[in-house]
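Chain by chain, the residues:
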Amino acid sequence: MAAREFRGWKPKWSAPCPCASEKKYKNCCHRRLPSANIGKAYSMAIKDGQLERALLCARADITQYTIWHKSHTAPLMHRAHMLPNLLQIDVDALGAYVGRLFTLYLRLDLWSDWRAALGRLRGNIEHDKWYRKVGYYLALSYLGPKGDRIAGRRELAKLGPITNEETDLELLQIYVDLEFDDLAFADRMSILDRILQLSEERSNQMQYRTGKAIQYYLIDDRKTAGEILDDVVARAQSTREADPFDVRERHLFAGVLQLLGSLRRDADLMRRSTTEFEMLLEEDCWTDLGRAKILRELGDTHRYAGNFEIAEQVYRDAVAIGGLGLDQVYVAECLLRRGLVDRAVAELEKADTRLLVGREFEDYTHCYGVVALAAKKMPMLNTALNMLKQLKSSEPVFNTQRLELLVNVTDMLAGKQVKSDTTAGGLGTYANFLILQPSLFGFGINFNAIIDYLSRKKPKSGDKDPS
Ligand SMILES: [Zn+2]
């Protein structure tokens, strides 16, 4: 905006403050409006570790931006041809300030009020694009503490269809996380392509190109999956020196190397993946849960590479610092691969299946089936039979493996000879029976990573500064 005397919209003195605090404007942001310095006081407060102060600043930034929007963009909203760009800038910028508020509600234990606060922020921009952004944050809130994915999906559904013409990147990303399982191959691809089109950011390019590779892998097209992953590795490496990876990119890259390495059975790629994961573990930024997750991924690399003793130890390290039930399942697989059937059975029986959700339970079921075949124990085989029959929503490649297992378990129960390589030691036909994890990789919204990202994200304020 050109410099001019500011004569725009202002919140009414006694009306609720636009920052969603539930206080009156006169008692809230009006004394703290940052004007042209929008965002700066917040960044300082975060740097100083002053979260309460950061909260006040984030609120004032939201109020400031809302005032600008209502003063400058809103009056133009009836002139459709002027609108799309200006409006998108406002939605993205105000959305980013709301993202900061979101992280502070989490960290300051105001979480129980967050959804109500979002409801209060809905009127800050009176346009469908903004309502969708608020809807995005609502859906995201259900992926947080005490999450409820079904409720998240319900929120997302309220926004109407999300197609490959969607312009809101964040909405597409959460859609991938919540709805992908129910989409056909071609629809998944077009959504991934749309994300790649909307975001040049290297981490997004790495994540969603890998996402495409995984889709090919899931329909058993390993050739295309491998070609895409080669390309991801080459692209990443070509810029790494000039622009070093951040922690998230290093994490993604370690996973890409693992995926390509296991696809190609390439020992060198596996070694590189191992090194990347080990270096990540040396960072001191991890919570125990975060560390356990990386340990599991490191264990996976060792397991896919056939280093079962090392893998077992790494999984046990993960269990020791609070790793999830699945780590125990992988310990069992490692023992089985070393021919230690009885110990594998014992380990599997220790796993707490109540902690396993979705695909994790699929992993567990496959492992249980293979261990049951190796142990040749009737009760176990019967349990495996039931679990394999009931297992649903499998991707094509895993469904094939499930059916193979089911046939073998049924044959063994009927006293028929089952191919020897399905038993301990020589698991030839099940070489990939547990490579389910990659199907999650590249998609799952990592809630903590998002929180971290949102708290640091720099809003692009466009030309909203009236000074
Ligand atoms: Zn306020």
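Structure report, in brief. The shown structure was predicted, so the numbers you read here are calculated from the model rather than taken from an experiment. (Residues numbered from 1 in each chain as written. Predicted model: local features only at pLDDT ≥ 70, side-chain atom pairs only at ≥ 80, totals over all residues. Heavy atoms only, no water.)

If you check helix 17 (residues 359-375), its first and last C-alpha atoms are 24 Å apart, about what 17 residues at 1.5 Å a residue would give, namely 24 Å. Across the 17 residues that make up helix 17, a large majority, 16, are buried. One or two positions beyond helix 17, positive phi appears at lysine 376, with a value near 55°. (Helix = DSSP H or I, 4+ residues; strand = E, 2+ residues; numbered from the N terminus. Expected span 1.5 Å × (residues − 1). Buried < 20%, exposed > 50% of the residue type's maximum accessible area, 1.4 Å probe, protein only.)

Attention now moves to the packing of aromatic side chains. Overall, the coordinates contain 13 aromatic pairs when judged by the stated rule. Aromatic pair tyrosine 65 and tyrosine 97: ring centres 6.0 Å apart, planes at 40°, arrangement tilted. Here the residue tyrosine 65 occupies a position in helix 2 (residues 51-73), and tyrosine 97 occupies one in helix 3 (residues 83-107), the gap between them amounting to 32 residues. For the residue pair tyrosine 65 and tyrosine 97, the accessibility class agrees, reading buried in each case. A network of ring pairs unites the aromatic residues Phe102, Tyr105, Trp111, Trp114, Tyr136 and Tyr137 as a single cluster. Lying over the aromatic face of tyrosine 330, arginine 303 brings its terminal NZ or CZ to 4.0 Å of the ring centre. (Phe/Tyr/Trp six-rings, centres within 6.5 Å; stacked < 30°, edge-to-face > 60°. Lys NZ or Arg CZ within 6 Å of the ring centre and 35° of its normal.)

In this section: helix 7 (residues 169-179). Within helix 7, ten of the eleven residues are buried, which leaves it mostly tucked inside the rest of the structure. Considered for burial, the residues of helix 7 that qualify are Glu170, Leu171, Leu172, Gln173, Ile174, Tyr175, Val176, Asp177, Leu178 and Glu179. At the N-terminal end of helix 7, a side-chain oxygen is found 3.0 Å from the backbone nitrogen of glutamate 170, two or three residues along, and the residue is aspartate 168. (Polar contact = N/O pair within 3.5 Å; in protein donor to acceptor, adjacent residues only side chain to side chain.)

Even without a glycine there, the phi angle at alanine 20 is positive, about 75°. By secondary structure assignment, the location of alanine 20 is in the segment before helix 1 (40-47). The class for alanine 20 is buried, based on a relative accessible area of 2%. Phi at aspartate 109 takes a positive value of approximately 65°, unusual for a residue other than glycine. By the element assignment, aspartate 109 lies in the loop between helix 3 and helix 4 (114-121). Using a relative accessible area of 69% as the deciding quantity, one classes aspartate 109 as exposed.

Distances from the zinc ion to its protein donors, namely Cys17 (SG), Cys19 (SG), Cys28 (SG) and Cys29 (SG), fall within the range 2.2 to 2.3 Å. Classification of the site at the zinc ion rests on its four donor atoms, whose angles at the metal span 105 to 113°, yielding the label tetrahedral. Along the chain, the residues that donate to the zinc ion are spaced as C-x1-C-x8-C-C. Of the two residues, cysteine 17 is situated in the segment before helix 1 and cysteine 29 in the segment before helix 1; the sequence distance between them amounts to twelve residues. Taking the relative accessible area as the measure of exposure, cysteine 17 reaches 5% and is therefore buried. (Donors = N, O, S within 2.8 Å, 3.2 Å for Na, K, Ca; no water. Tetrahedral: all angles 85-135°; square planar, octahedral: opposite > 155°, others 65-115°.)

So, about the packing of helix 15 (residues 325-337) against helix 16 (residues 341-350). It is at 8 Å that the axes of helix 15 and helix 16 come closest, and there the two elements cross at 175°. In this view, helix 15 runs roughly antiparallel relative to helix 16, as classed from their interaxial angle. Residues Gln328, Val329, Val331, Ala332, Leu335 and Leu336 of helix 15 pack against Val341, Arg343, Ala344, Glu347, Leu348 and Lys350 of helix 16. Of the residues belonging to the contact of helix 15 with helix 16, the class tally is eight nonpolar, one polar and three charged. (Axes fitted to C-alpha atoms, helices over the stretch in contact; angles between N-to-C directions. Parallel < 35°, antiparallel > 145°, perpendicular 65-115°, else oblique. Contact = heavy atoms within 4.5 Å. Nonpolar A, V, L, I, M, F, W, Y, C, P; charged D, E, K, R; others polar.)

Here the focus is the side chain of serine 21. By secondary structure assignment, the location of serine 21 is in the segment before helix 1. Only 3.1 Å separates the side chain of serine 21 from the backbone nitrogen of lysine 23, close enough to count as a polar contact. Apart from the residues lying within four places of it in its own chain, the contact partners of serine 21 are Cys28 and Arg59.

Now for the packing of helix 9 (residues 202-218) against helix 10 (residues 222-240). Contact pair helix 9 / helix 10: the axes reach a minimum separation of 7 Å and the direction vectors enclose 165°. Classified by the angle their axes make, helix 9 and helix 10 are roughly antiparallel. In this structure, helix 9 crosses over helix 10, and the sense of that crossing is left-handed. Residues Arg202, Met206, Arg209, Thr210, Lys212, Ala213, Tyr216 and Tyr217 of helix 9 touch helix 10, and the partners they reach there are Arg222, Thr224, Ala225, Ile228, Leu229, Asp231, Val232, Arg235, Ala236, Thr239 and Arg240. For the contact of helix 9 with helix 10, the class distribution of residues is nine nonpolar, three polar and seven charged. (Left-handed = near helix turned anticlockwise from the far one by under 90°.)

To continue, consider the nonpolar core. Formed by 53 residues in total, the largest nonpolar core has its most connected members in Val98, Leu101, Trp114, Leu118, Leu156, Ile174 and Ile191. Taken together, the elements giving at least two residues each to this core come down to helix 1, helix 2, helix 3, helix 4, helix 5 (128-141), helix 7 and helix 8 (185-198). For this core, the leading source of residues is helix 3, giving ten residues. Residue contacts for isoleucine 191: discarding those within four places in its chain leaves Ile162, Thr163, Asn164, Leu172, Tyr175, Val176, Phe180 and Leu183. Core analysis: the second largest hydrophobic core is formed by 37 residues, Val329, Ala332, Leu405 and Val418 among them. (Core = buried A, V, L, I, M, F, W, Y, C linked by side-chain atoms within 4.5 Å.)

What follows deals with the environment of glycine 135. Tracing the backbone through its elements, the reader meets glycine 135 in helix 5. For glycine 135 and glycine 152, which are 17 residues apart along the polypeptide, the C-alpha to C-alpha distance reads 9.6 Å.

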